[in-house]
Amino acid sequence: MQKRKPEKKADSPAAANALRRKADQLGRDLVKLLHEYAQCGEKLSRLRHAQGGPLYDLDSEHRAAQQALESRKGPLSEHAVRAILRELHSGVRALAKPLRVAYLGPTYSYSHLAAIERFGSTTELVPVATIAAVFEELSRKHVDYGIVPIENSTDGRVVDTLGMFTRLPARICGEVQLRIHHFLLGRCERGDIKEVYSKPQALSQCRDWLAKHVPLARLVELTSTAAAAQLAAEKPGAAAVASLQAATNYGLNVIAERIEDNKNNITRFAIISDHDGRRTGRDKTALMFEIAHVPGSLADTMAIFKRNRLNLTWIESFPMPNTEKEYLFFVELEGHYDDAKVKRAMESLRRKAKRLEILGAYSRTEPVESP
């Protein structure tokens, strides 16, 4: 009778060596597949561009990433897989043509994190000082895209962004919905904090927590959370409300984490360019219009969307400069402006409105954690 060979124990040196060899081979295979994917992606980009389409197709990238995430589950978290795919697509884009994207800086502001989430770190991300400067960089064709905050689940609309849509032409071609977690950062103990720095929206989103836990601290508004973190790193007795990434970048301690009053705090960012997103079947369309300042005009306008069974996902009024009580309205609806019922609504709205502009169409997204 033949003797059976003893099985290798899972924790034996032989088993460890076998696993190491397998991991090494899988790593080599993975890199080979990544290069093949990149070559295919680059050829596809150039072919699409030669046929009159955009060189970059952010919607296709997003859809491919979602399909990959849903195709098979494994031990890696969704956040980890999303990050890998994001950087892969970023690298493929750079092969076709280096991409420049303007955002409201400085680095490690929430706009910067939203830009990383959508475009990846291989992209040249260009920090500018104001939201207006993002639009201006795009208008001058210094960048391919811009990314600007458009609304927050706590504070609502971002006035500076809406104001720029009334002044400069830009198309919304995508969106990023980023879950915003605020951290109290500094180099001192909580009891030693005399001033807390951040941008107005961040302070507003943490107002109750700050009033309860650092009631004697003076709240000081700055242009960005990243600028606040930088100042907190330099000034004794100062703290900042900013991102966890800002703590790492500026060498700050986390005094308290996730101090936002609304635990479902989400900021939505608009990706702006000179073109729309590609029609996907899961789209939204953004509009800006002006109507006569007479009784019932707004109700009549809203009835157009109801008659055409269009669901509105966002509506804002914006005071028109140099007028008395006259407003522009910003509306976002489900559907693409090339859809039949959206076209019918636009025809009716155009007859009623004094001014109507389609700001863009883009695919719907879900909120994600910051990168």
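Read on for an overview of the structure. Worth saying up front: this structure is predicted, and the values here are computed from it rather than measured.

**Points about the packing of aromatic side chains**
A ring pair, where both rings are aromatic, is described by two values, the distance of the centres and the angle of the planes.
Here's step 1: The full count for this structure, using the stated rule, is five aromatic pairs.
Here's step 2: When the ring of Phe318 is compared with that of Phe330, the centres are 6.2 Å apart and the planes differ by 90°; the resulting orientation is edge-to-face. In this pair, Phe318 is assigned in strand E13 (residues 312-319) and Phe330 in strand E14 (residues 327-334), connecting sequence segments twelve residues apart.
Here's step 3: Phe318 gets classed as buried once you look at its relative accessible area, which sits at 9%.
Here's step 4: A relative accessible area of 0% places Phe330 in the buried class.
Here's step 5: By the ring-pair criterion, three or more aromatic residues cluster together here, those being Trp314, Phe318 and Phe330.
Here's step 6: Geometry around Trp314 places Arg268 over its ring, the cationic atom sitting 5.4 Å from the centre.

**What about the pattern of salt bridges?**
One side chain can pair with another of opposite charge once the charged atoms of both are near each other.
Here's step 1: Applying the stated rule across the entire model yields 17 salt bridges.
Here's step 2: Between Arg86 and Glu117 there is a salt bridge, with its nearest N and O atoms 3.1 Å apart. With Arg86 in helix H3 (residues 78-96) and Glu117 in helix H4 (residues 110-119), this pair connects stretches of sequence that are 31 residues apart. The pair formed by Arg86 and Glu117 is uniform in burial state, with each residue classed as buried.
Here's step 3: Bridged by salt links that share partners, the residues Glu151, Glu175, Arg268, Lys284 and Glu332 form one connected network.

**Some points on the sheet that holds strand E9 (residues 238-242)**
Here's step 1: The strand order E8-E7-E9-E6-E10 describes an open sheet built from five strands, whose pairing is mixed. Two strands close off the open sheet at either side, each with one partner strand: strand E8 (218-221) and strand E10 (253-256). Taking the axes of each pair of neighbouring strands and ignoring which way they run, one obtains an average angle of 35° across the sheet.
Here's step 2: Pairing analysis gives three bridges linking strand E6 (residues 183-186) to E10, with the strands arranged antiparallel.

**Digging into the nonpolar core**
Generally speaking, a soluble globular protein has its nonpolar side chains buried in company with each other.
Here's step 1: Counting residues in hydrophobic clusters, the biggest one holds 29 residues, and the most contacted among them are Phe135, Phe165, Ile172, Ile272 and Phe330.
Here's step 2: For this core, the leading source of residues is helix H5 (residues 131-139), giving five residues.
Here's step 3: Core analysis: the next-biggest nonpolar cluster, separate from the first, contains 23 residues, Tyr56, Leu58, Val101 and Ala115 among them.

**Quick word on the side chain of Thr365**
Here's step 1: Relative to the helices and strands, Thr365 resides in the loop between strand E15 (355-363) and strand E16 (368-369).
Here's step 2: Here Glu175 takes part through its side chain, which lies 3.0 Å from a polar atom of the side chain of Thr365.
Here's step 3: Excluding anything up to four places from it in sequence, Thr365 contacts His62, Glu175 and Gln177.

**A look at empty space enclosed by the protein**
Here's step 1: This model, assessed by the stated rule, comprises one cavity of 30 Å³ or more.
Here's step 2: Along the walls of the largest cavity sit Leu104, Ser109, Tyr110, Ser111, Lys199, Ser224 and Thr225, which together make up its complete lining.
Here's step 3: Taken together, the residues that form the lining of the largest cavity break down as two nonpolar, four polar and one charged.

**Describing the packing of helix H2 (residues 58-71) against H3**
Here's step 1: The N-to-C vectors of H2 and H3 enclose an angle of 145°; their axes lie 10 Å apart at closest approach. In the crossing of H2 with H3, the sense of the turn from one axis to the other is right-handed. Along the contact surface, H2 presents Leu58, Glu61, Ala65, Gln66, Ala68 and Leu69, while H3 presents Glu78, Val81, Arg82, Leu85, His89 and Arg93.
Here's step 2: Of the residues in the contact of H2 with H3, the class split is six nonpolar, two polar and four charged.

**A short note on unusual backbone geometry**
Here's step 1: Cis geometry is adopted by the peptide bond preceding Pro106, which originates at Gly105 and carries an omega value of 5°.
Here's step 2: Within the secondary structure, Pro106 is located in the loop between strand E1 (100-104) and H4.
Here's step 3: Here Arg258, not a glycine, exhibits a phi torsion of approximately 50°, which is positive.
Here's step 4: Take Arg258: it is sitting in the loop between E10 and strand E11 (266-273).

**Topic: H4**
Here's step 1: Most of H4 sits inside the fold, with ten of its ten residues counted as buried.
Here's step 2: Taken together, the buried positions of H4 are Tyr110, Ser111, His112, Leu113, Ala114, Ala115, Ile116, Glu117, Arg118 and Phe119.
Here's step 3: Just downstream of H4 lies Gly120, where phi reads positive at about 80°.

Cut-offs and rules
Residues numbered from 1 in each chain as written. Predicted model: local features only at pLDDT ≥ 70, side-chain atom pairs only at ≥ 80, totals over all residues. Heavy atoms only, no water. Phe/Tyr/Trp six-rings, centres within 6.5 Å; stacked < 30°, edge-to-face > 60°. Helix = DSSP H or I, 4+ residues; strand = E, 2+ residues; numbered from the N terminus. Buried < 20%, exposed > 50% of the residue type's maximum accessible area, 1.4 Å probe, protein only. Lys NZ or Arg CZ within 6 Å of the ring centre and 35° of its normal. Salt bridge = Lys/Arg side-chain N within 4 Å of Asp/Glu carboxyl O. Pairing = 2+ DSSP bridges. Axes fitted to C-alpha atoms, helices over the stretch in contact; angles between N-to-C directions. Core = buried A, V, L, I, M, F, W, Y, C linked by side-chain atoms within 4.5 Å. Polar contact = N/O pair within 3.5 Å; in protein donor to acceptor, adjacent residues only side chain to side chain. Contact = heavy atoms within 4.5 Å. 1 Å grid on protein atoms, 1.4 Å probe; cavity = no way out; pocket = protein on both sides within 12 Å on 5 of 7 lines; lining within 4 Å. Points joined across faces, edges and corners; volume = space filled by probe spheres on them. Nonpolar A, V, L, I, M, F, W, Y, C, P; charged D, E, K, R; others polar. Left-handed = near helix turned anticlockwise from the far one by under 90°.

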